[in-house]
Amino acid sequence: MANSNAKHKLNISGTWYCTDPDDENGEGCVGCSVCSANADDFFAEDDNGNAYIKRQPITANEIELCEEQKEACIVSAIGNDGQSDT
Ligand code: SF4
C-alpha cells in the first residue's frame, strides 16, 4: 500500500507519489502498468517497469484521472500526501 516513507526516487516533487517496490513491507508498486497505460501524462515506468509520478496533477480533471489510477492500483501503491485515504 502507499507508503510516504518509501516513495519511488523518481517521483517528481509534490503530493502525489508511487511507492517504491522495495518498501519495508514489500507492498509497493508491482509494475502492473495500469496507471502508466491509463494516465501516461502523470505516471511513467522506470527501467524495471515500476511506476513513478512524472507530473503532478493540477486541474480537477487531472486530479480525477489520478484518483482513478489510485483506486485502480491493485496494491494501492499510489499515494497523495495532501489527501486522506479514508
Ligand atoms: S497501478 Fe499500482 S502496481 Fe500498477 S504500475 Fe501503477 S503504481 Fe504500480
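Keep in mind that what you see is a predicted model, and the values were worked out from it rather than measured.

Here is what the cut-offs are and how they apply
- Residues numbered from 1 in each chain as written.
- Predicted model: local features only at pLDDT ≥ 70, side-chain atom pairs only at ≥ 80, totals over all residues.
- Near = placed C-beta within 6 Å.
- Helix = DSSP H or I, 4+ residues; strand = E, 2+ residues; numbered from the N terminus.
- Buried ≥ 20, exposed ≤ 12 C-beta atoms within 10 Å, placed from the backbone.
- Core = buried A, V, L, I, M, F, W, Y, C linked by C-beta atoms within 7 Å.
- Contact = placed C-beta atoms within 7 Å.
- Expected span 1.5 Å × (residues − 1).
- Arc of directions from axis to C-beta.

Peer 1: How do you make sense of the site of the ligand when you look at a structure like this?
Peer 2: Around the ligand, the surrounding shell holds 15 residues, and the nearest of these are Cys 29, Cys 32, Cys 35, Ala 51 and Cys 73. With three residues, the single largest contributor to the shell around the ligand is helix H1 (residues 34-38).

Peer 1: Is there a simple way to explain unusual backbone geometry in this structure?
Peer 2: What you tend to see is this: most non-glycine residues have negative phi, and most peptide bonds are trans. At Ser 33, a residue that is not glycine, the phi angle is positive and equals roughly 75 degrees. Assignment of secondary structure puts Ser 33 in the loop between strand E1 (16-18) and H1. The phi dihedral of Ser 76 falls on the positive side, at around 50 degrees, and the residue is not glycine. Residue position: Ser 76 is located in the loop between helix H2 (60-72) and strand E4 (78-80). With 16 C-beta atoms packed within 10 Å, Ser 76 lands in the partly exposed category.

Peer 1: Sorry if this is basic, but what is going on with the nonpolar core here?
Peer 2: Proteins that are soluble and globular tend to have nonpolar side chains buried together. By size, the foremost hydrophobic cluster in this structure holds 16 residues, and its most contacted members are Cys 18, Cys 35, Phe 43, Ala 51, Ile 53, Ala 77 and Ile 78. Of all the elements in the fold, those that place two or more residues in this core are E1 and strand E3 (51-53). Not counting chain neighbours up to four residues away, the residues in contact with Ile 53 comprise Asn 11, Ile 12, Gly 14, Trp 16, Tyr 17, Cys 18, Phe 42 and Phe 43.

Peer 1: Can you walk me through H2 in this structure?
Peer 2: For an α-helix, the turn length of 3.6 residues means that residues three or four places apart are oriented alike. The terminal C-alpha atoms of H2 lie 18 Å apart, and with 13 residues this matches the ideal 18 Å at 1.5 Å per residue to within 8%. Taken as a whole, H2 has its buried residues at Cys 66, Gln 69 and Lys 70. Looking down the long axis of H2, one finds its buried residues gathered within 105 degrees of arc, a one-sided arrangement. Counted as exposed and oriented over 90 degrees from the buried face of H2: Ala 60, Asn 61, Glu 64 and Glu 71. Lining the buried residues of H2 we find E1, H1, strand E2 (43-45) and E4.

Peer 1: Can you walk me through the environment of Ala 51 in this structure?
Peer 2: In this structure, Ala 51 sits in strand E3. Accessibility expressed as a C-beta count within 10 Å gives 31 for Ala 51, which makes it buried. Residues Ala 51 and Cys 32, 19 residues apart in the sequence, show an inter-C-alpha distance of 8.7 Å. Those residues in contact with Ala 51 that sit more than four places away from it in its chain are Cys 18, Cys 29, Cys 35, Ser 36, Phe 43 and Glu 45.

Peer 1: What's the story with the environment of Asn 61 in this structure? I'm lost.
Peer 2: Positionally, Asn 61 belongs in helix H2. Linking Asn 61 and Asp 40, residues 21 residues apart in sequence, is a C-alpha distance of 14 Å.

Purely geometric stuff here, so don't read any function into it on its own.
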